[in-house]
Amino acid sequence: MRPKVIVNCAMSPDGKIAGTERRQLRISSPEDMERVRRLRSECQAILVGAGTIVADDPHLTVKGLPPERQPLRVILDPRGKVPETAMVLDARARTLVVTVRECERTYPGAETVRLGTGRIDLEALLALLGARGVSTLLVEGGGETIYSFFRAGLVDVYSVFIGDFIIGGREAPTPVDGEGFRTGEHIPLRLVSVERLGAGVHLTYEVLRNG
Ligand SMILES: NC(=O)c1ccc[n+]([C@@H]2O[C@H](COP(=O)([O-])OP(=O)(O)OC[C@H]3O[C@@H](n4cnc5c(N)ncnc54)[C@H](OP(=O)(O)O)[C@@H]3O)[C@@H](O)[C@H]2O)c1
């Protein structure tokens, strides 16, 4: 069965997930970080794009869990940009790097799969993860990756924390970048919950595919 896909990210009140330098910014409150820790521990896999690995070098692990109980780390890297020294390739958890047929790179410490030509076939990826027992996949960013999942019609839940400072900048990344959706293609959502978490607010939406 195809895994449920939850997108989770943190943005500023002006709708940015990082500044124009594209470096990691702490937008989440401590209360939101604890929510994300719990959410990660309930998912069997956590996915980000190569842009986030290059910009933020995250571990993508859950504090306090041994390696064998960590969610699988999944990285989209069609052009082999992820450096060999990336934290996500360490031994704290298993890692699956997803690339395309024409990319010949391999990654020490990680399994590599090639799905698609040019673009990664996200449906094939979900089928592969489902067959490996992943029932919930957490997509944490960045904006290009989240757009790819929305564009493919594969997002079930959109979860966003809104922090307490303005970032600004027309080139600053937003939760959903890519080429965007034209009028009539917009993705309809249903607001499911609103929760104050410290200095910010957490919103959860169900994605309504049929409008
Ligand atoms: N606030 C938050 O919650 C949060 C969370 C995560 C990241 N961020 C921020 O987001 C920024 C990075 O975002 P980003 O949009 O530049 O990068 P990204 O989404 O992490 O990675 C984008 C790259 O992933 C690959 N990719 C994504 N979908 C693909 C698909 N369907 N097929 C093939 N390749 C695919 C492409 O690689 P190629 O370019 O090699 O083709 C694409 O350029 C950073 O500033 C980071 O700090 C913020």
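On a predicted model such as this, the values are computed, not experimentally measured, just so you know.

(A) The arrangement of helix 4 (residues 143-151) in detail. Burial runs high along helix 4: seven of the nine residues are buried. Residues of helix 4 that are buried include every one of G143, T145, I146, Y147, S148, F149 and F150, and no others. Positioned one or two residues after helix 4, G153 has a phi angle of 70 degrees, which is positive.

(B) Quick look at the pattern of salt bridges. Throughout the structure, instances matching the rule amount to ten salt bridges. Across the pair E34 and R37 runs a salt bridge, and its minimum N-O distance is 3.3 Å. With E34 and R37 both in helix 1 (residues 30-42), this residue pair falls three residues apart, about one helical turn. Since its relative accessible area comes to 31%, R37 is described here as partly exposed.

(C) Structural view of the pairing of strand 6 (residues 136-141). Among the six residues that make up strand 6, six are buried, leaving the element largely enclosed by the rest of the structure. Where strand 1 (residues 4-11) lies against strand 6, four bridges are found, and the strand directions are parallel. When the bridges of strand 6 are listed, I6 appears paired with L138. In this sheet, strand 6 lies alongside strand 2 (residues 45-49) in parallel orientation, the contact comprising four bridges. Within strand 6, the position partnered with I46 by the bridge is L138.

(D) Molecular detail of the sheet that holds strand 2. Taken in spatial order, the nine strands line up as 5-4-3-2-6-1-7-9-8 in an open sheet, and their pairing is mixed. Taken across any chain shown, the strands that pair with only one partner, and hence form the sheet edges, are strand 5 (111-114) and strand 8 (189-197). The sheet shows a mean angle of 20 degrees between the axes of neighbouring strands, taken without regard to direction. Here strand 2 runs beside strand 3 (residues 72-76); their pairing, made up of five bridges, is parallel. Opposite A45, over in strand 3, you have L72 as the bridge partner. Across the sheet, helix 3 (residues 122-131) touches strand 1, strand 2, strand 3, strand 4 (95-99), strand 5 and strand 6, and the angle it forms with strand 3 is around 165 degrees.

(E) The arrangement of unusual backbone geometry in detail. For the peptide bond that leads from G141 to G142, omega is -10 degrees, which places it in the cis range. If you trace the backbone, G142 turns up in the loop between strand 6 and helix 4.

Thresholds, definitions, all that
- Residues numbered from 1 in each chain as written.
- Predicted model: local features only at pLDDT ≥ 70, side-chain atom pairs only at ≥ 80, totals over all residues.
- Heavy atoms only, no water.
- Buried < 20%, exposed > 50% of the residue type's maximum accessible area, 1.4 Å probe, protein only.
- Helix = DSSP H or I, 4+ residues; strand = E, 2+ residues; numbered from the N terminus.
- Salt bridge = Lys/Arg side-chain N within 4 Å of Asp/Glu carboxyl O.
- Pairing = 2+ DSSP bridges.
- Axes fitted to C-alpha atoms, helices over the stretch in contact; angles between N-to-C directions.
- Contact = heavy atoms within 4.5 Å.

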